[in-house]
Amino acid sequence: MFNKLLERYRKYCWDPERYARHQGVKIGKKCKIYSRNFGSEPYLVELGDHVQITAGVRFFTHGGSWVFREKYPNFDFFGKIKVGNNVYIGTSAFILPGVTIGNNVIVAAGSIVTKSIPDDAIVGGNPARVIGNVSALEERVLSYNLDCKKMNRQQKKKFLLSVDDSQFIKK
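Treat the numbers as computed from the prediction; the structure is a model and nothing was measured.

Reading guide: rules and limits
Residues numbered from 1 in each chain as written. Predicted model: local features only at pLDDT ≥ 70, side-chain atom pairs only at ≥ 80, totals over all residues. Heavy atoms only, no water. Patch = residues over 30% accessible without salt bridge, like charges linked within 9 Å, V, L, I, M, F, W, Y side chains within 5 Å. Areas by Shrake-Rupley, 256 points an atom, 1.4 Å probe, with all protein chains shown as cover. Salt bridge = Lys/Arg side-chain N within 4 Å of Asp/Glu carboxyl O. Helix = DSSP H or I, 4+ residues; strand = E, 2+ residues; numbered from the N terminus. Buried < 20%, exposed > 50% of the residue type's maximum accessible area, 1.4 Å probe, protein only. Polar contact = N/O pair within 3.5 Å; in protein donor to acceptor, adjacent residues only side chain to side chain. Contact = heavy atoms within 4.5 Å. Phe/Tyr/Trp six-rings, centres within 6.5 Å; stacked < 30°, edge-to-face > 60°. Lys NZ or Arg CZ within 6 Å of the ring centre and 35° of its normal.

**Comments concerning a nonpolar patch on the surface**
A grouping of Trp-66, Val-67, Phe-68, Tyr-72 and Phe-77 is seen on the molecular surface, where their side chains present a nonpolar patch of about 590 Å² in accessible area. Structurally, the position occupied by Tyr-72 is in the loop between strand E5 (58-59) and strand E6 (81-83).

Okay, here's the thing in structure tokens:
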């Protein structure tokens, strides 16, 4: 009972990165982790350097074994998940067993990643598929850079409300 309470404390009171490391997730340098959902085998997940895992992202290192257990009672299969360097995984994306995500990749929010992703790709959808590349996106959005990342909330609000509409991305 005490161990269950201690684990709940760790899961909900520790910051997500500390909790993930405690669970065995291998995490590189300069990462930002906002999810605590690294599955039942978190030690099979490896994150490179400069990776951001946003809220609601879920990692799955196994699945589907249940349907084979009538015939094979001890059946289980697993897949390691490897995430490269300089990767952004958007809100509520699902990463399935055996997936490798390359370097310099953006995974769109809500994506279901069922296959490995090459370097420099932007993927989205269910199942996730390549919808662009990071280099081309950089070229398109560079002219919209407003250099306000270091502003506090109030400064940013005042600044953004004063900016001409032509400075914002339109779709």
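The rest of the description comes next.
**A word on the side chain of Thr-54**
By secondary structure assignment, the location of Thr-54 is in the loop between strand E4 (51-53) and E5. Classification of Thr-54 by relative accessible area gives buried; the value is 7%. At 2.7 Å, the side chain of Thr-54 and the backbone nitrogen of Thr-91 are in polar contact. In this view, Thr-54 contacts Tyr-34, Ser-35, Tyr-88, Ile-89, Gly-90 and Thr-91; residues no more than four positions away in its chain are not counted.

**Overview of the packing of aromatic side chains**
When we look at a pair of aromatic rings, we describe it by the centre distance and by the angle of the planes. Here the structure, examined in full by the defined rule, presents five aromatic pairs. Ring geometry for Tyr-72 versus Phe-75: centroids 6.1 Å apart, planes at 40 degrees, classification tilted. Accessibility expressed as a relative area gives 42% for Tyr-72, which makes it partly exposed. The partly exposed category is assigned to Phe-75, whose relative accessible area is 28%. For Arg-18, the ring lying beneath its charged end belongs to Trp-14, and the centroid distance is 3.8 Å.

**Some details on the side chain of Ser-35**
With respect to the helices and strands, Ser-35 occurs in the loop between strand E2 (32-33) and strand E3 (45-47). A residue is classified by how much of its surface remains accessible, and Ser-35, at 2% relative accessible area, is buried. Among the polar contacts made by the side chain of Ser-35, one reaches the main-chain carbonyl oxygen of Val-57 at a distance of 2.6 Å. The contact partners of Ser-35, leaving out residues within four places of it in the chain, are Pro-16, Ile-53, Thr-54, Gly-56 and Val-57.

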